[in-house]
Amino acid sequence: SPRLSANELTLYFSGNLLNSESNLYVAHRSALTEDFGTPTMLTIENSASLEGSPAVSADGLTLWFASKRVANEDWHLFVATRPSTLAEFGPPGLAAIVNASDVTQTDAEPFVTADDKELWFVSTRSPSMGGKDIWYATRASTGFTTPVTATELNSSTHDEYPLLSADRLTIYVTSLRSGTGTKGGVDIWRSHRATVGARFPALALVDELNTKENDVAAWLSADNCRMYMSSDINGTRDIFMATRQL
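Analysis parameters
- Residues numbered from 1 in each chain as written.
- Predicted model: local features only at pLDDT ≥ 70, side-chain atom pairs only at ≥ 80, totals over all residues.
- Heavy atoms only, no water.
- Phe/Tyr/Trp six-rings, centres within 6.5 Å; stacked < 30°, edge-to-face > 60°.
- Helix = DSSP H or I, 4+ residues; strand = E, 2+ residues; numbered from the N terminus.
- Buried < 20%, exposed > 50% of the residue type's maximum accessible area, 1.4 Å probe, protein only.
- Pairing = 2+ DSSP bridges.
- Polar contact = N/O pair within 3.5 Å; in protein donor to acceptor, adjacent residues only side chain to side chain.

Draft legend 1. Inspection of the packing of aromatic side chains at higher detail. Enumeration according to the criterion identifies seven aromatic pairs in this entry. Centroid distance Phe-13 to Tyr-25: 5.5 Å. Interplanar angle 15°. Geometry classified as stacked. In this pair, Phe-13 sits in strand S2 (residues 10–15) while Tyr-25 sits in strand S3 (residues 23–28), placing the two residues twelve residues apart along the sequence. Residue Tyr-25 is classed as buried on the basis of its relative accessible area of 3%. Relative to Tyr-136, the ring of Trp-120 lies with its centre 4.6 Å away and its plane at 20°, an arrangement referred to as stacked. With a gap of 16 residues between them, Trp-120 in strand S10 (residues 118–123) and Tyr-136 in strand S11 (residues 133–140) connect regions that are remote in the sequence. Owing to a relative accessible area of 2%, Trp-120 belongs among the buried residues under this scheme. Overall, the relative accessible area of 24% leaves Tyr-136 in the partly exposed class. Grouped by ring-pair contacts, the aromatic residues Trp-120, Tyr-136 and Phe-200 constitute a single cluster.

Structural data, given as structure tokens:
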């Protein structure tokens, strides 16, 4: 689940590069035209258990991720902050309000919108349409409000990795649902709405990004021209970038 800083110069992702449990990594570059440097593990956020799906706020000061570090519980959302982008993120804590009260339920794959007004994620909590569902919470003066489910985006199977464009008008979802044109594994779907606050219409397949394996859309540039995603089309889960012209 590759996620980038607003300027696209810092890349966060989860993986097992050192043949260990899934950990959080970061890589840097000095310009969009350059390759990223060698990834390094985040020093404070990782635990002896599983971490995944890092997402950083537009100002670079807040890091959201999922972890299974609490014994005998499922995945939960964690958050860490730092005073400036030159500092390391501090010790993470459980995200207030947004995690399910039933600790056996999954809450994972956070995505914070570019304007920091909404937190989207997946959960297996009730009410559920089946598998993982898409949920979101809106920003209030004291933090995020109680999450609600995006029923128009969910199906009877797994619906995951919500990704919104900077203007919050387009959403990408990775889903295991069936449909004409699906290619195998999980596929990338997309919906566009006319105004923020309106419900999203029916999802449609993003044919050019899907393969016969598992494909995940993870981060979209502010100009909508660069999609960062992951796929195991080559046999291992790798990070890819797709581009288009305005």
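Draft legend 2. Representation of the sheet that holds strand S6 (residues 62–67) within the structure. Read from one edge to the other, the open sheet built from four strands follows the order S5-S6-S7-S8, with strand pairing classed as antiparallel. Whereas interior strands pair on both sides, the edge strands pair on one side only; in this sheet they are strand S5 (51–56) and strand S8 (93–94). Summarising the sheet, strand S7 (residues 76–81) and S8 pair through two bridges and their orientation is antiparallel. Across the sheet, Val-79 pairs through a bridge with Gly-93, a residue of S8.

Draft legend 3. Inspection of the sheet that holds strand S16 (residues 187–192) at higher detail. The strand order S14-S15-S16-S17 describes an open sheet built from four strands, whose pairing is antiparallel. In the strand order of this sheet, the two ends are held by strand S14 (159–164) and strand S17 (204–205), each with one partner. In terms of strand pairing, strand S15 (residues 170–175) meets S16 through six bridges, oriented antiparallel. The residue of S16 that forms the bridge with Thr-174 is Ile-188.

Draft legend 4. Structural detail: the pairing of strand S9 (residues 107–112). Taken across its six residues, S9 has six buried, putting it largely inside the fold. Where S9 meets S10, four bridges bridge the pair, whose relative direction is antiparallel. Of the residues in S10, the one forming a bridge with Asp-107 is Ser-123. In textbook terms, the turn of a hairpin is the stretch between consecutive antiparallel strands, and for S9 and S10 this stretch comprises five residues, one of which, Asp-116, has a positive phi near 65°.

Draft legend 5. The arrangement of the environment of Asn-7 in detail. Structurally, Asn-7 is set in the loop between strand S1 (3–4) and S2. Asn-7 sits in the partly exposed class, given a relative accessible area of 45%. Once the C-alpha coordinates of Asn-7 and Ala-27 are considered, the two residues, 20 residues apart in sequence, prove to be 13 Å apart. There is a polar contact of 3.0 Å between the side chain of Asn-7 and the backbone nitrogen of Leu-9.

Draft legend 6. Layout of the side chain of Asn-99. Within the secondary structure, Asn-99 is located in the loop between S8 and S9. A polar contact of 2.8 Å, which involves the side chain of Asn-99, links it to the backbone nitrogen of Leu-77. At 3.1 Å, the side chain of Asn-99 and the backbone oxygen of Ala-95 are in polar contact.

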